[in-house]
Each structure stands twice: as C-alpha cells, then as structure tokens.
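# Structural overview
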Amino acid sequence: MSTQTPQTEQPHTPVPEPSRFSRIVRDLFTAESTPLVTFLAIVLALLVGAILIIISDPAAMRELGYFFSRPSDFLNSAWHDVSHGYQDLFKGSIFDPATLRGTPSQFFGPITNTLEDATPLIFGGLAVTIAFRGGMFNIGGQGMTIAGAILTTYVAFQWTGIPGALQLVVAVLAGILGGVLLGGFVGWLKAKRGAHEVVVTIMLNYVMLFFLTNYLLTTTAFHDPTKAGQSISKPASPNAILPHLFGPSLNTDIGLVLALIATVVVGWFFNRSKLGFEIRAVGLNPAAARTNGISVGRAQIWAMVISGGLMGLIGVTQVLGLNNPNNNSLSPNIDAGLGFNAITVALLGRTKPWGVVWASLLYGAFQAGASVMQANDGISTDIISVIEALIVIFVSAPQLIKEIFRLPSREAAVPGAAS
Amino acid sequence: MVTDTGGIDDHSFNAESWAGMQDAASASGGKIGVSYVQSATENDYTSNIASLVSKGCKMIVTVGFAMADATTASSKKNPNQMYAIVDNASSGSKIQGLQFNTAQGAFLGGYFAAAMTKTGKVATFGGAKYPTVTVYMDGFWEGVQYYNAQKGKNVQVLGWSEKTQQGTFDTSANPFGDQSGGKSIAQTFQSQGADIVFPVAGGTGIGALEAAKASNGALNAIWVDDDGFYSNSAYASVIMTSVTKGIATAVKTSVTDAYNGKFTSTSFIGTLANNGTGLAPFHDFASQVPASLQSELATVKADIISGKIKITSANQPTA
C-alpha cells in the first residue's frame, strides 16, 4: 500500500486532479463567507420565507386586492401570519414560554427534538467535510447511509446472543463498517482507477437503494414476516437501541454524544494528525502534495474511508435512534434525504467541524419547528425547505449578500484556510 | 391529521382523508377544528404526531399503514389521546382502524368487466403487493369467476390469480407513481388480448389510462379508489366505471363520533352496505351498459350485502 517511492519530478503523471470542477466546488465551499455573511444569508432567507408565508395565505392575498383602500387589513394579517409562523417555529424548536410552568418534558421538548434532528446531519456534514478537504465531493451519502443501516440492522436483530449494551456497541461498529466498505470502494476507484468520485458515488446511491428495496427487504433473512407486503426489516432487539440521553420523556438519544465525539475527533484529526495533514495537503494541491512525498492515492482512499464511516453512522442513528418510525427497523427510505442534506450542512458550516455542528443545529431546529408551525398556523412545511435552500444559495453567493447589504468586500478571506 | 410522505395533494388517500376531515368540520358547523401536518420523510412521522399531541388535538388521524408503528408508539406515551388510522386495523384501546373491504366493490367491478368484455379477457395489476392492493385484485378475480359460473362463460383474468396470489406488479422504485411502467404493463395486456384493464396502482394506473386512450377503443379501464371520471378527467372517455373506497366518509364518521364522545376502538370497515366501497357511475359508458347488466349488478350487490355471495379473499380486513 504505502508506495513512498522516490517520485519527485514526474510532470507526466496521468492524474489530472486539480480540474476546473474541483476548483469550482472548492470555491463554493470556502467562499469568502465570513460569519457575518452567513448570518445575513439566514436573515435574508427568512425574509423571503416571510413573503412566501404571506403569499400562501389566501385571506391575506384577498386583502391585498383592496390594499389601497384599506391597507391596514392586509398589513395586519400579513404581520399576524409571519409573526405567528416564526414564533411557532421558535416554540417548536427551542422553547415555548407557555411551558415555563409546565413539566420538564414540555419545557425541554422542543430543544431536544432539535438536537435529535441535528444528530444525523452532524455525521453527514462531517463526512462531506472530510471528503471535501481531501479534494473530493462525496454525494454518495444515501448509498453509504444505506450500507451502514443494513449492517447495523442485521446485527441489531440477529446477533441477540451478545449480552447487554455490547450488542449496541457492535451494531454501531457494524454501521460504521458498512459506510467504510462503500466509501473505501469509492476511494479505491478514484485513486487507483481514475473514476470520478461524483459519478461513482451518485451511481452507488442507486445501486444501494435498489439492492435494499428490491432485493434485501424481500429476503427471509431481513423481511419482517408480520409486515405482509411491506418492505420493512425485522425490528432491532431492545438491547441494540440507542438509549435516551435525558430520560425517557425527552426525545434525544445517545447518538448526539457520538456526533459530538465525532466532531472533536475530526477537529483533532485535521489539526494534529499526520494523515489529516496529508488529506488537507492533497485537497489543496495534489501535485504539490505528491512532490512533497505524500501518496495522493492513499490520502484519497483514507478520506473516503473516514467519510464513508461517518455516513454509515447516519444509518446507525436512523435505524437505532428515536426518530425511526417503524420500531427501529430498516425501510427503503431509511436515508430520508439526509445524505444530500449533509452537503448543504457542510457548505453552511464552511467545512469546519464546529461550523458543521452549528449548521446542523440550525437545520435541525428548522425541521423540528416546521411541524409545529404547520400544525398551529397551517403554514406548509415546504416553506421551510425553501428557506433552507435559500440559505445555501445565499451562502454560496457571498458577493450577492455583500451587495445587498452594501458590505465592503475587500477583506478577501484566505482561500482554503485550514480550520 | 398527519399525512404520509405522499402529501396532502396526492389525489389519493391523503387528499381523501383531508376531505373527510373538512366534511366533519363543516358538518359540525365549525365546532370541530381541523388541521394537518405533512410528512416530508418517514423521519417526520413521530415528531408530527407529537406536534399535534402537544397542540392539544382531541383526535389525531394518521394516514396509511406505514404510520402504524409511530401511531402505536405515540398512543403508549399518551394513553388518553384518541387516534384513528386509515388503512390499518385497530391497535390498542385508543386507536380506531379505518379499513375497507374493497374486495366487495371490486367484485362488482370484476362482474361488470366480465360482462362487458368482447375479447373474453380482462386484466388487472397492482402497484406493490400490499394487502390493501391485492384485496382489490382478489375481489375483481372473484367477480369474474362468479360471472363465469353464472353464465357458463370462460372470461379469463390476466395479471392476477387469487388461488396462487401471484400476478403483475410494477417493478420500479416508485410503484405508485410510475406512469410509464403502468403504460407498458397495460399495453402488454392489450397485446395478450385483454380489452378491459383494472389498475390498482395509484399514479402508475394513469399510465394504463394513457395506454387505453391511445388504443382507440381497443382497451378501456376501470379506475380505482375514487371516481376516475372526476379525478382523471383527461381520460374520462376510457373510464368505464370506478371501484371506490370511501375514505372520506370513514374519516368523517370517525372524527364526528370522537367529537360526540362516541369514540370506539372497534375498526370501521367500509363495505358495500355502508358505502365504504362500491361501483361509481358509468358516466360516458352509461349508454353502452345494458339495462339487464345494471339490474344484475344490483342483485349481486344485494347478495353480497346479505351474505348470499361469500367473498373468500384472505386479504379482506377483519375487525
């Protein structure tokens, strides 16, 4: 494996790494989006969301029809729609003042929902970050999540002989292994066979989805015989389920702790470890890295291995976590779009480990709050999806934000500055 | 009400359920307030149900058997909360199942198809092999067999056999939204000699309507779940009739009962007798349906209700 052969000056090496594509992607992720720009992007997206909320209320639009005769009607209901909508978004995701005298589970309910929704996004965001720092774009989150979910599910319902919490540990490791296998395969194809990781990862998404849906969940080994006709696996044994973190009445599981540990480890990995340094070097300039004796292929494979392992952890929390709707079993839509949302979280977090955590918390809060917003105000959850998408667009177009808010744009951020 | 991932505008059971909720609200003169939350992914089931619980909803309707586990889990946490679930059996003392014995309606559809076919071959196919799908196909199959026995004919059913429980299903990843797949299945049936097709596959079935329209009268269709003459009006000219499923009525009944303090955890089962399933009007085909057949269908319907005709499908819901 370790081919540290004297490969000093070989300008004719057939690896055209720093392509235009990867430069564009890198600029996108590390664009000069300072924290201020990110904040303003969120504000701007919420403003656009407010307009959408008003437009989608038929009563307000009717009042807009006679705006010039009685503007107060329209302004009142528009203000009512938006303020109630965003208040409920807050109440559903952070805390509801009405529960100040309520039970602890009511008081902490919203914030723990946010944490639970953020957990898989943290894993995913870190996974995209690692691949990206190695100069690769991992859009195979869906496939790697499924790979992890398959192995973790199998251990969780089959290996019930393992005593107590040890089964959970093995199930988590199996989930990581699933992602590692698929990620490693992608890395190997990239490094040794020159296949572009974007094509490989997105195609493997389909391979894994169809393998799961049309084959695996129909086999007697996986399919739950009590669910006639439904593509659902046997449920995990109680020992293998991620335990509640703050007691049974609150909706956060131990997966959050795993996610925070992963964040610390990834931060340490980039700043302190040799491999992390090599991956960063390869991501910044493969040719220079090679000249300095770093094995580019090895760094790429490792980056994809780690990225895959983290994606596999999404599979773990999706199957064994509290958000699973099917008694902790495996179903075709197990990835729930998280593999792709991971990309936007990494982008918003500017591919920094703790940035990813903040971005995940924001998106987790949107998800948790959207449901309350729709239940109480009839505002479609689709508006939240639009807001999430707008944030990403604004963050990746920092120049736009700067012109809208007339910010000076001379402080060019150091491109690709590490951590 | 919590929708499944199909969303409120699915032209199918989410939309029907919501219509039932709104009916209940307007029938009560505004005393029943209704709202819904959409599930973007399966991840949302648990949290959406929880949002409605904390909102203080008296009755929560979850749509589709995919939400059964999430509903049961929520009920365990909130033992006094009332629930109803569409297309699933009652599970627990506070969850009312709303189920539909669509084999009865489809039996009429099968009898009708057998009487109307000119080629002696009729066809059906499903989206996926769920009991809620195959119960239709069983009923259709039995209706054709009953016609054969009564009339001494030999009309064949392509695409399904109740005896073997084997048949034709869509094979794509999106079995209820695969229009092109539905079209090719229907065209295959047509080339095998069928002139009436009964798709039990949601949006995939629209492909079958498309194939029927393109066939210039060689192939016609019987729609499923709701009256296709209205829900798929672009294809009204090829829809002979529809086998309906009265989701809206069931939801309305359940919600109204809960409001009036008459909640029961006994499953509601939609039958021909309570209009929970049935055969829609013939619309454009009315002139082609002989009066004798119409009276036969009325007799068959009465016989099913009275129990004189026994439907044997093992996929029928039981209370």
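Cut-offs and rules
Residues numbered from 1 in each chain as written. Chains lettered and ligands numbered in written order. Predicted model: local features only at pLDDT ≥ 70, side-chain atom pairs only at ≥ 80, totals over all residues. Pairing = 2+ DSSP bridges. Helix = DSSP H or I, 4+ residues; strand = E, 2+ residues; numbered from the N terminus. Axes fitted to C-alpha atoms, helices over the stretch in contact; angles between N-to-C directions. Contact = placed C-beta atoms within 7 Å. UniProt positions renumbered as here; feature names shortened; annotations may be inferred. Nonpolar A, V, L, I, M, F, W, Y, C, P; charged D, E, K, R; others polar. Buried ≥ 20, exposed ≤ 12 C-beta atoms within 10 Å, placed from the backbone. Domains from an automatic or database assignment. Expected span 1.5 Å × (residues − 1). pLDDT = per-residue confidence, 0-100.

Quick look at the sheet that holds strand β5 (residues 156–158) of chain B now. Residues and elements named next belong to chain B. Strand order in the open sheet formed by six strands is β5-β4-β8-β9-β10-β12, with mixed pairing between adjacent strands. Sheet topology places β5 and β12 (277–279) at the edges, where each strand pairs with a single neighbour. Strand-to-strand, the axes of this sheet are offset by a mean angle of 20 degrees, without reference to chain direction. Where strand β8 (residues 196–200) lies against strand β9 (residues 220–225), two bridges are found, and the strand directions are parallel. Residue pairing across strands places I196 opposite N220, the latter belonging to β9. Each of β4 (121–126), β5, β8, β9 and β10 (239–245) is contacted by helix α5 (residues 131–151), which is oriented at about 170 degrees to β4, the strand it contacts most.

As a further point, take the UniProt feature "transmembrane region" (unreviewed entry) in chain A. All names here are of chain A. Those residues carrying the UniProt feature "transmembrane region" (unreviewed entry) are residues 36–55, 139–159, 165–186, 198–217, 254–270, 301–322 and 383–401 in this numbering. Helix makes up 100% of residues 36–55 and strand 0%, and the two end C-alpha atoms of the span are 29 Å apart. Within the segment residues 254–270, helix and strand shares are 94% and 0% respectively, and the terminal C-alpha atoms sit 25 Å apart.

Attention now goes to the interface of chain B and chain A. Residue-level contacts link 23 residues of chain B with 24 residues of chain A. For the side of chain B that touches chain A, the secondary-structure elements that each account for two or more residues are α2 (44–55) and α3 (68–77) of chain B. Counting residues per element, the side of chain B that touches chain A draws most heavily on α2 of chain B, which supplies eight residues. Residue composition of the side of chain B that touches chain A, grouped by class: 10 nonpolar, eight polar and five charged.

All right, on to the pairing of strand β3 (residues 95–100) of chain B then. On any regular strand, side chains alternate: one points to one face of the sheet, the next to the other face. Residue and element names in this part refer to chain B. Most of β3 is tucked away, with six of its six residues classed as buried. In β3, alternate side chains face the same way, and those of I95, G97 and Q99 on one face and Q96, L98 and F100 on the other are all buried. Two elements, strand β2 (residues 82–86) and β3, share four bridges in a ladder whose sense is parallel. In the strand pairing of β3, I85 is matched with G97.

Right, let's get into unusual backbone geometry. All names here are of chain B. A positive phi angle is found at D225, which is not glycine, with a value near 80 degrees. Looking at the element boundaries, D225 is found in strand β9. Of note in this structure, N275 is not a glycine but carries a positive phi near 60 degrees. According to the C-beta neighbour criterion, N275 is partly exposed, with 13 such atoms within 10 Å.

For the rest of this paragraph, the subject is helix α10 (residues 274–284) of chain A. Working note: α-helix, 3.6 residues per turn, so residues spaced by three or four point in the same direction. Among all positions in α10 of chain A, only G276, E278, I279, R280, A281, V282 and G283 of chain A are buried. Buried residues in α10 of chain A make contact with α5 (104–133), α9 (255–272), α11 (286–291) and α12 (296–320) of chain A.

This part is about the sheet that holds strand β1 (residues 59–63) of chain B. All names here are of chain B. An order of β1-β2-β3-β11 is seen for the four strands of this open sheet, with the pairing classed as parallel. Single-partner strands in this sheet number two, and they are β1 and β11 (268–270). Each neighbouring strand pair of the sheet contributes to a mean axis angle of 15 degrees, computed without reference to strand direction. Relative to β11, β3 is paired through three bridges, and the arrangement is parallel. Directly across from Q99, in β11, lies its bridge partner I269.

It is worth spelling out the domain arrangement of chain B at this point. Residues and elements named next belong to chain B. Domain annotation for chain B reports domain 1 (13–101 + 247–270) and domain 2 (102–244 + 277–306). Measuring from the centre of the C-alpha atoms in domain 1 to the corresponding centre in domain 2 gives 30 Å. Each partner contributes to the interface: domain 1 provides five residues, whereas domain 2 provides six residues. Partitioned by chemical class, the residues of the side of domain 1 that touches domain 2 number one nonpolar, two polar and two charged.

All names here are of chain B. Taking 1.5 Å as the rise per residue, helix α9 (residues 247–259) with 13 residues should run 18 Å; its terminal C-alpha atoms sit 18 Å apart, in good agreement. Of all 13 residues that make up α9, 10 are buried, and the element is covered over most of its length. Elements that come into contact with the buried residues of α9 comprise α1 (13–27), β1, β2, β3, β10 and β11. Where α9 ends, the next residue or the one after it, G261, has phi of about 75 degrees, a positive value.

Another point: the confidence of the model for chain A. Residues and elements named next belong to chain A. Per-residue pLDDT for chain A averages 86, and the proportion of residues at 70 or more is 89%. Low pLDDT, under 50, characterises residues 1–11; the predicted model gives this stretch eight contacts beyond four residues in sequence or across chains. Note that pLDDT drops below 50 for residues 410–419; the model gives that stretch 12 contacts with residues more than four away or on any other chain.

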